[in-house]
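These are the residues of each chain, in order.
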Amino acid sequence: MMPQTTSDDARYGELPQPSHDWAYFFDLDGTLVELAEKPWGVHADEELRNRIAALADATQGAVAVITGRPIADIDGLFPDLRLPVAGQHGVERRTFTGDVRRHLFPVEQLDEARQALREIVRRHPALLLEDKGLSLALHYRQAPRLASYAHRVMHRLCDDMGSAFTVQAGKRVVELKPAGRDKGMAIREFMEEQPFAGRRPVFIGDDTTDEHGFEVVNEYGGLSIKVGGGQTLARWQLVNVRAVHAWLAQDTQGTAESPPHRAGAEILTS
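Structural notes, computed from the coordinates. (Residues numbered from 1 in each chain as written. Predicted model: local features only at pLDDT ≥ 70, side-chain atom pairs only at ≥ 80, totals over all residues. Heavy atoms only, no water.)

### Focus: the packing of helix α5 (residues 183–190) against helix α6 (residues 211–219)
Interhelical geometry of α5 versus α6 gives an angle of 35° and a closest axis separation of 6 Å. Once α5 is placed against α6, the crossing between them reads as right-handed. Each of Lys183, Gly184, Ile187 and Arg188 in α5 lies in contact with α6, whose residues at this interface are His212, Gly213, Val216, Val217 and Glu219. Residues that form the contact of α5 with α6 fall into these classes: three nonpolar, three polar and three charged. (Axes fitted to C-alpha atoms, helices over the stretch in contact; angles between N-to-C directions. Helix = DSSP H or I, 4+ residues; strand = E, 2+ residues; numbered from the N terminus. Left-handed = near helix turned anticlockwise from the far one by under 90°. Contact = heavy atoms within 4.5 Å. Nonpolar A, V, L, I, M, F, W, Y, C, P; charged D, E, K, R; others polar.)

Right, dumping it as structure tokens:
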């Protein structure tokens, strides 16, 4: 899927005011929070946490994070919430009711790649290996000169591992992850469940990894919103993270009580 430039009347056009009847899906880094040099350097301040909590209450819980990060990272950034989350580009997904579903794949092959990447990072300390458990990300934010090397390494590993894995490129990062899952698939699954089903979906993201999500939201007739410039399937664009916060701040209506979350079970899916 190749991103395309949106029409002039939609790009940076005026977005409708947020509605409590919609289903909200958010990428995290570069969308809700500013990018950081290292993955653990991001921060969700109290104002953002309160805004997301209020939106979740007002929409009866129809707010989810769709991210390349593990679910545990989102819980760390929003410790007072237990949001629905699609983590690691949909390889793991926690539903509104708290059930955690993980995509099955040959774990032992990822273990071999993990060891190889640890050795590569030891030889090239400017590179950063982010071990997400179910996927591996090689960051070159601090060494952009090593970009082509990082991509070659990950593609070579992926070729050796076979069709069960794929390479996902992002902003100064390249990731090795199980094949067959992406952010668009995760949004589609949420849209088949309560409290998201039957609502107009909104997805806000900033990276090439979010294009699958924009495509699915467009199919539903929803609001696909890219943060920043460049070619995209999104039908609206906001200039930066501050613009995302400003748009969400327009939501000044009262809130409705969200149904309680229950402890869920882990479910493995093929």
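### Focus on the packing of aromatic side chains
Inspection of the entire model under this criterion finds six aromatic pairs. With a centroid separation of 6.1 Å and 45° between ring planes, the pair formed by Trp22 and Tyr24 is classed as tilted. Taken as a pair, Trp22 and Tyr24 share a single burial class, namely buried. Ring centres of Tyr24 and Phe26 lie 6.2 Å apart, and the angle between their planes is 15°; this geometry places the pair in the stacked category. Under the relative-accessibility criterion, Tyr24 is labelled buried at 0%. One aromatic cluster in this structure is built from Trp22, Tyr24 and Phe26. Its end group placed over the ring of Phe190, Arg93 keeps NZ or CZ at 4.7 Å from the ring centre. (Phe/Tyr/Trp six-rings, centres within 6.5 Å; stacked < 30°, edge-to-face > 60°. Buried < 20%, exposed > 50% of the residue type's maximum accessible area, 1.4 Å probe, protein only. Lys NZ or Arg CZ within 6 Å of the ring centre and 35° of its normal.)

### Some words on the sheet that holds strand β8 (residues 165–170)
Whether parallel or antiparallel, the strands of a sheet pair through hydrogen bonds between backbone atoms. The four strands lie next to each other as β6-β7-β9-β8, forming an open sheet whose pairing is antiparallel. Two strands in the sheet have a free side with no partner beyond their single neighbour: β6 (128–131) and β8. Each strand axis lies, on average, 20° off the axis of its neighbour in the sheet, ignoring direction. In the sheet, strand β7 (residues 136–139) pairs with strand β9 (residues 173–178) via four bridges, with the strands oriented antiparallel. If you follow Leu136 over to β9, its bridge partner there is Leu176. Contacting β6, β7, β8 and β9, helix α3 (residues 107–123) crosses the sheet at an angle of about 155° to β6. The sheet strands contacting helix α4 (residues 147–161) are β7, β8 and β9, and the helix crosses β9 at an angle near 10°. (Pairing = 2+ DSSP bridges.)

### Digging into the pattern of salt bridges
Taken as a whole and assessed by the stated rule, the structure comprises 19 salt bridges. Taking the shortest distance from any N to any O, the salt bridge between Arg122 and Glu119 comes out at 2.6 Å. Of this pair, Arg122 and Glu119 both sit in helix α3, three residues apart, which is roughly one turn of that helix. For Glu119, a relative accessible area of 31% corresponds to the partly exposed category. Between Asp206 and Lys171 there is a salt bridge whose closest N-O contact spans 2.7 Å. Placement of the pair is Asp206 in the loop between β10 (200–205) and α6 and Lys171 in the loop between β8 and β9, with a sequence separation of 35 residues. Three or more residues joined by partner-sharing salt bridges are found here, namely Arg93, Arg101, Arg181, Glu189 and Glu193. (Salt bridge = Lys/Arg side-chain N within 4 Å of Asp/Glu carboxyl O.)

### Brief notes about the environment of Phe105
Tracing the backbone through its elements, the reader meets Phe105 in the loop between β5 (100–103) and α3. Accessibility expressed as a relative area gives 13% for Phe105, which makes it buried. Sequence separation of Phe105 and Pro178 is 73 residues, and the distance between their C-alpha atoms is 6.5 Å. Ignoring any residue separated from it by four or fewer positions in sequence, one finds Phe105 in contact with Leu110, Leu134, Phe165 and Pro178.

### What to know about the packing of α3 against α4
With their axes 11 Å apart at the nearest point, α3 and α4 run at an angle of 155° to one another. Comparing the axis directions of α3 and α4 gives the class roughly antiparallel. By crossing handedness, the relation of α3 to α4 is classed as right-handed. Contacts between α3 and α4 involve Gln109, Leu110, Ala113, Ala116, Leu117, Ile120 and Arg123 from the first element and Tyr149, Val153, Met154, Leu157 and Met161 from the second. (Parallel < 35°, antiparallel > 145°, perpendicular 65-115°, else oblique.)

### Overview of the environment of Val244
Position of Val244 among the secondary structure elements: in helix α7 (residues 241–248). With 39 residues separating them along the chain, Val244 and Gly205 place their C-alpha atoms 9.9 Å apart. Beyond its immediate chain neighbours, meaning those up to four positions away, Val244 contacts Thr31, Leu32, Ile204, Val227 and Leu238.

Any functional reading would require information that these geometric values do not contain.
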